[in-house]
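As a plain string of letters, each chain reads:
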Amino acid sequence: MKSKACELLGIEFPLFAFSHCRDVVAEVSASGGFGVLGAAGHNPQTLDIELSWIDEHCDGKPYGVDLLVPTSMDSKESGLTKEELEDRIPLEHKRYIEQLLARHNIDTSDLWDDVIRSGVGDNMRPVGADAILEAAFSHPVKMVVNALGVPPNFMIERARANNIVVGALAGAKEHAIKHRDAGVDVVIVAGTEAGGHCGEVSTLVLVPEVLDELKDSDMVVLAAGGIVTGRQMAACMAMGADGVWTGSVWLTTAEAETLPVVKEKMLSANSRQTVRSRSRTGKYTRQLRSAWTDAWQAEECPDPLPMPLQGVVAGAAFRKIDRLAQGNHQGAAQLANYFVGQGVGLMNEPNTVRDVVYNFMNDFADASTRLTSMTEDE
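Thresholds, definitions, all that
- Residues numbered from 1 in each chain as written.
- Predicted model: local features only at pLDDT ≥ 70, side-chain atom pairs only at ≥ 80, totals over all residues.
- Heavy atoms only, no water.
- Salt bridge = Lys/Arg side-chain N within 4 Å of Asp/Glu carboxyl O.
- Helix = DSSP H or I, 4+ residues; strand = E, 2+ residues; numbered from the N terminus.
- Buried < 20%, exposed > 50% of the residue type's maximum accessible area, 1.4 Å probe, protein only.
- Contact = heavy atoms within 4.5 Å.
- pLDDT = per-residue confidence, 0-100.
- Polar contact = N/O pair within 3.5 Å; in protein donor to acceptor, adjacent residues only side chain to side chain.
- Right-handed = clockwise from strand over helix to strand, strands pointing away.
- Pairing = 2+ DSSP bridges.
- Phe/Tyr/Trp six-rings, centres within 6.5 Å; stacked < 30°, edge-to-face > 60°.
- Lys NZ or Arg CZ within 6 Å of the ring centre and 35° of its normal.
- Axes fitted to C-alpha atoms, helices over the stretch in contact; angles between N-to-C directions.

### Focus: the pattern of salt bridges
Note on pairing: side chains with opposite charge can pair once their charged atoms come close.
Right, so step 1: Scanning the model with the defined rule gives 13 salt bridges in all.
Right, so step 2: The shortest N-O distance in the salt bridge between Asp303 and Arg278 comes to 3.1 Å. Of this pair, Asp303 sits in the loop between α13 (291-295) and α14 (309-326) while Arg278 sits in the loop between β10 (274-277) and β11 (285-288), placing them 25 residues apart in sequence.
Right, so step 3: In this structure Asp303 comes out as exposed when scored by relative accessible area, which is 53%.
Right, so step 4: Look at the salt bridges and you will find they share partners, linking Asp130, Glu134 and Arg158 into a network.

This is how it looks when you write it as structure tokens:
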């Protein structure tokens, strides 16, 4: 297929798949697309294990790694010990979460012990991110992506030295301009429909807006946000995008590690059952609506904490929620949710990863044929 994205990365079909599940990443790449493993929850040792597995299962096809090194994060540079982190979490937020879980019949007696054990991932800071890059670059990774903000200089320099493509997400035209000025190769233009961290402008508006701004640049532009079908992909590429970046559509596949109760919610959800909320990370993320998100929109709720503190308290809660939900605990099931985009309303049937890729290809071809037939002489 003729696409700048295909030429840059040596792939057959410019369908990019972000996932925290190695099975999804390997299968997408093996099927002709480009899998990208989310590394935010890994340390160098666990990332090495995951990438070694992908190396053995992707049929030698290219894949990438996605990091989360935010441009601004509370005390990002200096770092916090686990004890200091605990001290910075207001009692008000602890009590609010305790009361919320208690209303759903969840015992909270050991809840904050989990905070002390977990801490904050060092790979969200320069030193930790550099160690993650070291582990990633020991494998045949073809692209490294920063999910929050402009990739720091050390990331770009190390990627250049290893002949690796650099990508970054943009939720606004201004973000794309900063990425261009920093020397990023691939910009992922994510509309508000996207799952996870997202802005306020729709994909249909944001993609052409960025394309107009970058028209004199050689950057590869990928469209993202609510894209779960090949006809949506064709529409984005008709606007001028070089490919699409997807995430939500893989969450309901057979290979995905999505919690079963959450997967069931997604398969039955419509596109209005997602919300933008700061309740999981401290920054706005689109996620499946649940009793958790409802509670953080209530009048009496405290303002969510800044990143990374909100992610720490929410993480402690969700480790308990998820464990109980897997055991059919009704209250935990009501709270359970995950990051997902508005395209969830089109994700109505469970599929294998390979089937999703092939459905994208066929749907894209049909849409392209329809578009071409409109311009042909009768």
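### Describing helix α12 (residues 260-268)
Right, so step 1: Along α12, the positions that sit buried rather than exposed are Val261, Val262, Lys263, Met266 and Leu267.
Right, so step 2: Where α12 is buried, its residues meet β11, α14 and α15 (330-335).

### A closer look at the confidence of the model for the chain
Right, so step 1: For the chain, per-residue confidence averages 92 on the pLDDT scale, and 93% of positions sit at 70 or higher.
Right, so step 2: Predicted confidence for residues 73-78 stays below pLDDT 50, and this span has 18 contacts to residues more than four positions away or in other chains.

### Focus: the environment of Arg180
Right, so step 1: Mapped onto the elements, Arg180 comes out in helix α9 (residues 173-182).
Right, so step 2: Along the sequence, Arg180 and Trp53 sit 127 residues apart, while their C-alpha atoms lie 33 Å from each other.
Right, so step 3: Leave out the neighbours within four places in its chain, and Arg180 touches Glu213, Leu214, Ser217 and Met219.
Right, so step 4: There is a polar contact of 3.5 Å between the side chain of Arg180 and the backbone oxygen of Glu213.

### Structural notes on the pairing of strand β6 (residues 186-190)
In regular strands, side chains alternate between the two faces of the sheet.
Right, so step 1: Taking burial as the measure, the five residues of β6 include five buried ones, the bulk of the element.
Right, so step 2: What you see with β6 is no split at all: Val186, Ile188 and Ala190 on one side and Val187 and Val189 on the other are buried throughout.
Right, so step 3: Regarding the hand of the β-α-β motif, the stretch spanning strand β5 (residues 165-170), α9 and β6 is right-handed.

### Some words on the sheet that holds strand β7 (residues 196-197)
Right, so step 1: The three strands lie next to each other as β7-β11-β10, forming an open sheet whose pairing is antiparallel. Two strands close off the open sheet at either side, each with one partner strand: β7 and β10.
Right, so step 2: Looking at chain direction, β7 and β11 are connected through two bridges and run antiparallel. Each bridged residue has a counterpart across the sheet, and for His197 the counterpart in β11 is Thr285.

### So, the packing of aromatic side chains
Right, so step 1: Going through the model one piece at a time under the given rule, you end up with seven aromatic pairs.
Right, so step 2: When the centroid spacing of 5.8 Å and the interplanar angle of 85 degrees are considered together, the rings of Phe13 and Phe364 count as edge-to-face. Here the residue Phe13 occupies a position in the loop between α1 (4-9) and β1 (15-19), and Phe364 occupies one in helix α16 (residues 353-373), the gap between them amounting to 351 residues. Pair check on accessibility: Phe13 and Phe364 agree, each one buried.
Right, so step 3: Three or more aromatic residues link up through ring pairs in this structure, and these residues are Tyr96, Trp292, Trp296 and Phe318.
Right, so step 4: Above the face of the Phe318 ring, Arg280 is positioned so that its terminal group lies 3.7 Å from the ring centre.
Right, so step 5: Positioned above the aromatic ring of Phe339 is the side chain of Arg280, whose terminal nitrogen or guanidinium carbon lies 5.0 Å from the ring centre.

### Considering the pairing of β11
Right, so step 1: In this sheet, β11 lies alongside β10 in antiparallel orientation, the contact comprising four bridges. By the bridge assignment, Val275 is partnered in β11 with Gln287.

### Notes on the side chain of Ser277
Right, so step 1: Examined against the element boundaries, Ser277 turns out to sit in strand β10.
Right, so step 2: At 2.8 Å, the side chain of Ser277 and the side chain of Ser279 are in polar contact.
Right, so step 3: Not counting the four nearest positions on each side in its chain, Ser277 is found in contact with Lys283, Tyr284, Thr285 and Gln287.

### Things to note about unusual backbone geometry
Right, so step 1: Between Met307 and the following residue, Pro308, the backbone shows a cis peptide bond with an omega angle of 10 degrees.
Right, so step 2: By the secondary structure assignment, Pro308 is in the loop between α13 and α14.
Right, so step 3: The backbone of Asn105 sits at a positive phi, close to 60 degrees, despite the residue not being glycine.
Right, so step 4: Backbone geometry at Asn328 places phi at a positive 65 degrees, although glycine is not the residue there.
Right, so step 5: With respect to the secondary-structure elements, Asn328 resides in the loop between α14 and α15.
Right, so step 6: The exposed category is assigned to Asn328, whose relative accessible area is 71%.

### Describing the sheet that holds strand β8 (residues 220-224)
Right, so step 1: An order of β1-β2-β3-β4-β5-β6-β8-β9 is seen for the eight strands of this closed barrel, with the pairing classed as parallel. In this sheet, neighbouring strand axes are inclined to one another by 25 degrees on average, regardless of whether the strands run parallel or antiparallel.
Right, so step 2: With four bridges connecting them, strand β2 (residues 34-38) and strand β3 (residues 63-67) associate as parallel partners. Within β3, the position partnered with Gly35 by the bridge is Tyr63.
Right, so step 3: Contacts from α9 reach β5 and β6 within the one sheet, and its direction differs from that of β5 by about 160 degrees.

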